[in-house]
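Commentary on secondary and tertiary structure
Listed below, chain by chain, are the residues.
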Amino acid sequence: MAYLPKRFLPHQVFAANTDVGKTIFSTALCRGVAARYPNSSIYYLKPVQTGYPVDSDARHAKKYCPSITAADTLYTYKDPVSPHIATVNPPTDVSVLESVRTKIQEYAQESKGKDAFMFLETAGGVNSPIMSGTLQCNFYRPLRLPTVLVADSKLGGISTTLSSFESLYVRGYDVNTVLLFEDESWKNNEFLAKQLPNDIRVFSIPSPPTRGSNNDDFKDMSEYYSRLDKVFQSVAEHLKDKGDKRIEGLMEMENKTKDIIWWPFTQHHNVKNVTVIDSAYGDMMVTLNPKTKDSKGDSNLFTEKFDGCASWWTQGLGHGSPSLSMATAHAAGRYGHVMAPECTNELSLSLAEKLIHTVGKDWAQRVYYSDNGSTATEIALKMALRHTANKHQLSTGTDTNRNIEIIGLKGSYHGDTIGAMDASDPNVYNDTIHWYQPKGFWFDPPNVSMKDGVYNVHIPKEFKYDSAEEKFSSLSGVFGDRSKSKLASFYRSYIDDTLNKLIKQEGRRFGALMMEPILMGAGGMIFVDPLFQKTLVEAARDLKYKDNTEKGIPVILDEVFTGFWRLGRRSAAEILGVKPDIAAYAKLLTGGLVPLAVTLTSEEIFKSFYSPNKHDALLHGHSYTAHPIGCSVALQSIKEYEQKHSSQLTLSSNALNQLSDKDWYIWNPETVQYISHLPNVQGVVSLGTVLAIELKDAEGAGYTSNVSKEFIQHIRNLDNNMQIFARPLGNVVYIMGSIVTTPEQVAQLEKTILNALEHR
């Protein structure tokens with residue numbers, strides 16, 4: 001956990017290379033603090049030491065700075081080599097990091113009542129590995145301590161120093177200070193002071209005396225350190241000033257935010273506390289702890305929260321992914337942003353090819369780029385409606401018969417732009433928008449949830465089916481081959497009868513079937529009966545208009561939420577066993593890092609816009625269409641998804657039907673079963689990384705329900721358990737993980753969730 005009490009100022013000392021004097025600078029820092037702030041506690045920590053006990057950096061620091069309160073080493077190895085080859089039995093990263101965190105907390109607790117400084121000295125260079133082989137700049141990132149970089153003053157040191165700085169910077173470290181020896185031959189200090197950002201102070205000092213063979217080394221080094229004390233008092237002042245300003249800025253963020261930011265999907269009147277996020281890594285967000293804002297200075301200002309809403313469903317590879325950051329930086333450096341129309345570049349072309357051979361396999365031939373899910377679905381609508389109008393010779397003039405509608409599902413959500421809103425039934429998201437004009441018919445879909453350990457297919461009353469529910473013991477039963485069932489036959493008759501009435505009796509015209517496959521997100525995590533959706537697709541492809549031999553309208557799958565392993569497979573279409581004509585993807589496409597969206601479609605749809613006339617083109621675009629940075633990140637994200645799920649890429653649809661529940665989601669089946677039996681739970685849905693719990697509400701369910709308020713506050717602020725940041729959908733509370741979520745984290749999450757449910 002990141003640690004930052006008001007009166008405890010920790011720093012991490014990285015080096016641009018080995019043998020650049022890192023321990024000398026760490027010791028001088030401790031001495032500078034002792035001279036400038038004589039009443040402070042001073043702590044020195046060396047997590048990993050090789051060449052021990054002959055070499056001991058902690059012993060050196062204590063020897064030349066007797067004022068140090070404590071100097072500790074956690075892991076020691078005899079051979080003076082890189083830590084990753086110093087042992088054949090390395091401890092886990094988790095255990096090493098936990099040891100470091102524990103020691104920092106011990107220091108902070110020990111220093112209560114007075115100001116304290118801590119310097120954590122790493123081993124080797126910024127990109128040197130620890131025992132497991134993990135690079136230090138990646139390993140220490142969860143702590144994100146304010147950083148002092150010891151530069152290389154030798155020939156070639158400018159290159160290694162700037163590379164080290166960029167390695168830290170691209171990973172989100174705050175480098176406050178750069179320290180190095182003076183060398184009149186190379187004058188690296190002068191160049192670095194000009195090259196580095198203006199807010200980074202560069203301090204240079206004379207080189208230490210050469211180690212001799214007599215007993216005067218201690219005297220020589222003591223005199224040397226004494227000459228440095230004045231400089232390092234200034235360094236100490238600089239570090240404390242930066243630390244104080246950081247805390248001051250954090251304390252001001254809540255009020256400033258309330259004054260100038262207008263949040264989406266938020267009633268500001270009801271917001272009591274603002275979650276101030278300092279940083280994020282993996283699935284965790286480091287946030288300002290409101291309980292300690294007014295503390296005297298001994299309590300940690302930070303708390304960690306699991307990002308349970310995946311930052312609005314975008315996170316697939318965790319926050320602060322080094323590989324995605326590098327993909328971003330590379331594309332930004334190579335291209336920045338370049339024009340898309342009538343142009344191409346390696347990254348946008350490579351991503352288009354990748355998409356066609358993955359989520360678009362066997363059905364898509366064209367990729368249309370945009371920047372977010374809402375616009376991707378609007379593009380899909382424009383494609384589908386034009387194609388249907390041409391295919392079925394439907395009028396698209398300015399007369400009253402111009403409207404061509406869509407078929408959809410109640411509770412759907414396709415985005416907040418006007419066209420995307422018009423493709424959803426009236427609901428809380430759109431019915432107060434003045435330009436909203438619903439253009440479609442929406443079936444009330446049968447839905448699935450688990451209650452009392454059984455999967456129930458809830459069939460709407462308006463269907464007038466002879467049973468209100470069908471029951472299954474497993475998800476494989478829900479997704480199995482039910483095409484010959486009585487319910488399948490009923491679904492088809494009900495859909496056909498409804499559409500025939502709308503078309504023949506009411507004269508309505510439909511240009512597309514548009515739906516979120518399997519799980520409708522914003523509508524309340526509604527798990528739609530897959531049999532109903534497959535039947536609806538079949539009916540759409542058989543739909544005919546009078547006096548027209550052509551049949552079928554395009555099927556649009558809105559996979560903005562469900563695509564790219566959200567539900568445990570590459571796409572929800574793959575789980576359904578349906579090949580769409582058009583599909584929209586965003587969110588997990590780039591692992592949650594940068595905005596990018598795509599609309600995939602067939603060559604047949606593309607040809608509806610192909611002609612010599614500009615007027616016939618799809619006149620829709622965005623300034624950042626196919627921006628190389630987004631394409632680069634998407635390519636890296638897809639690569640990592642497939643590496644993680646490589647064993648599942650070859651599963652056939654029949655194999656999917658044979659899976660046990662534990663293969664369908666990251667949660668423990670026993671926990672899901674237990675939740676389904678709780679008296680305050682209406683039902684539970686678990687698919688892939690998603691766990692959605694519908695709470696009972698005597699006053700009625702829906703987005704405006706307040707029944708989840710207590711639950712949300714409980715999981716956000718629960719002491720002694722993993723805290724979870726989540727936002728409800730009315731009476732539905734949901735938690736999402738990612739592909740980097742560990743089984744240990746899942747167990748902690750479930751403990752917090754159960755605590756909150758049983759507390760209500």
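Up top you'll find the structure we're talking about.
Residues numbered from 1 in each chain as written. Predicted model: local features only at pLDDT ≥ 70, side-chain atom pairs only at ≥ 80, totals over all residues. Heavy atoms only, no water.

As for the sheet that holds strand β25 (residues 723-725)
Whenever strands of a sheet pair, they do so through backbone hydrogen bonds, lying parallel or antiparallel. If you trace the four strands from one edge of the open sheet to the other, you get β8-β9-β10-β25, paired in mixed fashion. The strands lining the two open edges of the sheet, one partner per strand, are β8 (277-281) and β25. Mean inter-strand twist for the sheet, computed between neighbouring axes without regard to direction, equals 40°. Here strand β10 (residues 302-307) runs beside β25; their pairing, made up of three bridges, is parallel. Residue pairing in the sheet places K305 in a bridge with Q723 of β25. Against the sheet, helix α21 (residues 709-717) engages β10 and β25, with an angle of about 125° to β25. (Pairing = 2+ DSSP bridges. Helix = DSSP H or I, 4+ residues; strand = E, 2+ residues; numbered from the N terminus. Axes fitted to C-alpha atoms, helices over the stretch in contact; angles between N-to-C directions. Contact = heavy atoms within 4.5 Å.)

Notes on the sheet that holds strand β5 (residues 147-150)
As summarised here, the arrangement of the seven strands in space is β3-β2-β4-β1-β5-β6-β7, forming an open sheet in which the pairing is parallel. Because the sheet does not close on itself, it has two edges, and the strands there are β3 (70-77) and β7 (201-205). For this sheet, the mean inter-axis angle between neighbouring strands, taken without regard to orientation, is 20°. Lying over the sheet, helix α5 (residues 157-169) contacts β1 (8-15), β5 and β6 (175-181), oriented at roughly 160° with respect to β5.

Things to note about the side chain of N456
Position of N456 among the secondary structure elements: in strand β15 (residues 454-458). Separated by 3.1 Å, the side chain of N456 and the backbone oxygen of V454 make a polar contact. In terms of polar contacts, N456 uses its side chain to reach the side chain of K471, at 2.7 Å. (Polar contact = N/O pair within 3.5 Å; in protein donor to acceptor, adjacent residues only side chain to side chain.)

Describing the side chain of S111
Locating S111 in the fold gives a position in the loop between α3 (93-110) and β4 (116-121). With a relative accessible area of 2%, S111 lands in the buried category. Excluding its chain neighbours within four sequence positions, the residues that come into contact with S111 are F8, S41, Y43 and A116. (Buried < 20%, exposed > 50% of the residue type's maximum accessible area, 1.4 Å probe, protein only.)

Looking at unusual backbone geometry
Going from Y52 to P53, the amide bond is cis rather than trans, its omega being 10°. Position of P53 among the secondary structure elements: in the loop between β2 (41-50) and α2 (57-64). Within the chain, K187 stands out as a residue other than glycine whose phi angle is a positive 50°. Structurally, the position occupied by K187 is in the loop between β6 and α6 (188-195).

Section: helix α18 (residues 628-644)
Compared with the 24 Å implied by 1.5 Å per residue over 17 residues, the 24 Å span of α18 between its first and last C-alpha is a close match. Across the 17 residues that make up α18, a large majority, twelve, are buried. Residues P628, I629, G630, C631, S632, V633, A634, S637, I638, E640, Y641 and E642 constitute the buried set of α18. Turning to α18, the residues buried within the fold contact α9 (322-334), α10 (346-356) and β11 (366-370). (Expected span 1.5 Å × (residues − 1).)

With respect to the packing of aromatic side chains
One pass over the full model with this rule turns up 33 aromatic pairs. With 6.3 Å between their ring centres and 80° between their planes, F14 and Y140 make a pair best called edge-to-face. Of this pair, F14 sits in strand β1 while Y140 sits in the loop between α4 (136-139) and β5; the two residues are 126 residues apart in sequence, bridging distant segments of the chain. On the accessibility criterion, Y140 (1% relative accessible area) is buried. Taken together, the ring pairs connect F441, F443, F463, Y465, F490, Y491, Y494 and F532 into an aromatic cluster. If you follow R366 out to its NZ or CZ, it ends over the ring of F606, 3.7 Å from the centre. Across the ring face of W664, the terminal group of R569 is positioned such that the distance to the ring centre comes to 5.4 Å. (Phe/Tyr/Trp six-rings, centres within 6.5 Å; stacked < 30°, edge-to-face > 60°. Lys NZ or Arg CZ within 6 Å of the ring centre and 35° of its normal.)

So, the pairing of β15
Here strand β14 (residues 447-451) runs beside β15; their pairing, made up of five bridges, is antiparallel. From the neighbouring strand, K451 faces β15, where its bridge partner is V454. Between β14 and β15, which follow one another and run antiparallel, lie two residues, and D452 among them has a positive phi close to 55°. Direction of pairing for β15 relative to strand β16 (residues 469-472): antiparallel, over a ladder of four bridges. The residue bridging N456 from the neighbouring strand is K471, located in β16.

Observations regarding the nonpolar core
One finds M525, F527, F564 and I693 to be the most contacted residues of the largest nonpolar core, which totals 138 residues. For this core, the leading source of residues is helix α14 (residues 486-505), giving eight residues. With residues near it in sequence (within four places) discarded, M525 still touches W313, L519, M520, F561, V685, V690, A692, L729, V732, Y734 and M736. Counting 39 residues, the second largest nonpolar core, distinct from the first, contains Y43, L145, L162 and L168. (Core = buried A, V, L, I, M, F, W, Y, C linked by side-chain atoms within 4.5 Å.)

Concerning the packing of α14 against helix α15 (residues 530-542)
As a packed pair, α14 and α15 sit with axes 9 Å apart at the nearest point and diverge in direction by 45°. Overall, the two elements α14 and α15 adopt an arrangement that is oblique. Handedness of the crossing formed by α14 with α15: right-handed. Taken together, the residues of α15 that come into contact with α14 (itself represented by L487, A488, Y491, R492, I495 and D496) are L531, F532, T535, L536, E538, A539 and D542. Each residue belonging to the contact of α14 with α15 can be placed in one class, and the counts come to eight nonpolar, one polar and four charged. (Parallel < 35°, antiparallel > 145°, perpendicular 65-115°, else oblique. Left-handed = near helix turned anticlockwise from the far one by under 90°. Nonpolar A, V, L, I, M, F, W, Y, C, P; charged D, E, K, R; others polar.)

Remarks on the packing of α5 against α6
At their nearest, the axes of α5 and α6 sit 10 Å apart, and the two run at 35° to each other. Every pair of crossing elements has a handedness; the one defined by α5 and α6 is right-handed. Contacts between α5 and α6 pair G157, I158, T161 and L162 from the former with N188, F191, L192 and Q195 from the latter. For the contact of α5 with α6, the class distribution of residues is four nonpolar, four polar and no charged.

What about a nonpolar patch on the surface?
A cluster of nonpolar side chains, contributed by I418, I433 and W435, occupies part of the molecular surface with about 330 Å² of accessible area. Counting through the fold element by element, I433 comes out in the loop between α12 (418-422) and β13 (440-443). Residue classification places I433 among the partly exposed residues on the basis of a relative accessible area of 35%. (Patch = residues over 30% accessible without salt bridge, like charges linked within 9 Å, V, L, I, M, F, W, Y side chains within 5 Å. Areas by Shrake-Rupley, 256 points an atom, 1.4 Å probe, with all protein chains shown as cover. Salt bridge = Lys/Arg side-chain N within 4 Å of Asp/Glu carboxyl O.)

Quick notes on the pattern of salt bridges
In the structure shown here, the tally under the stated rule is 30 salt bridges. For R31, the salt bridge goes to D229, with nearest N and O atoms at 2.9 Å. Residue R31 is located in helix α1 (residues 22-36), and its partner D229 is located in helix α7 (residues 217-260); the two are separated by 198 residues in the primary sequence. According to the relative accessible area criterion, R31 is buried, its value standing at 16%. The partner of D278 in a salt bridge is R246, and the shortest N-O contact between them spans 3.1 Å. One end of the pair, D278, is in strand β8; the other, R246, is in helix α7, and 32 residues separate them in sequence. Overlapping salt bridges bring together R144, D174, R246 and D278 as one network.

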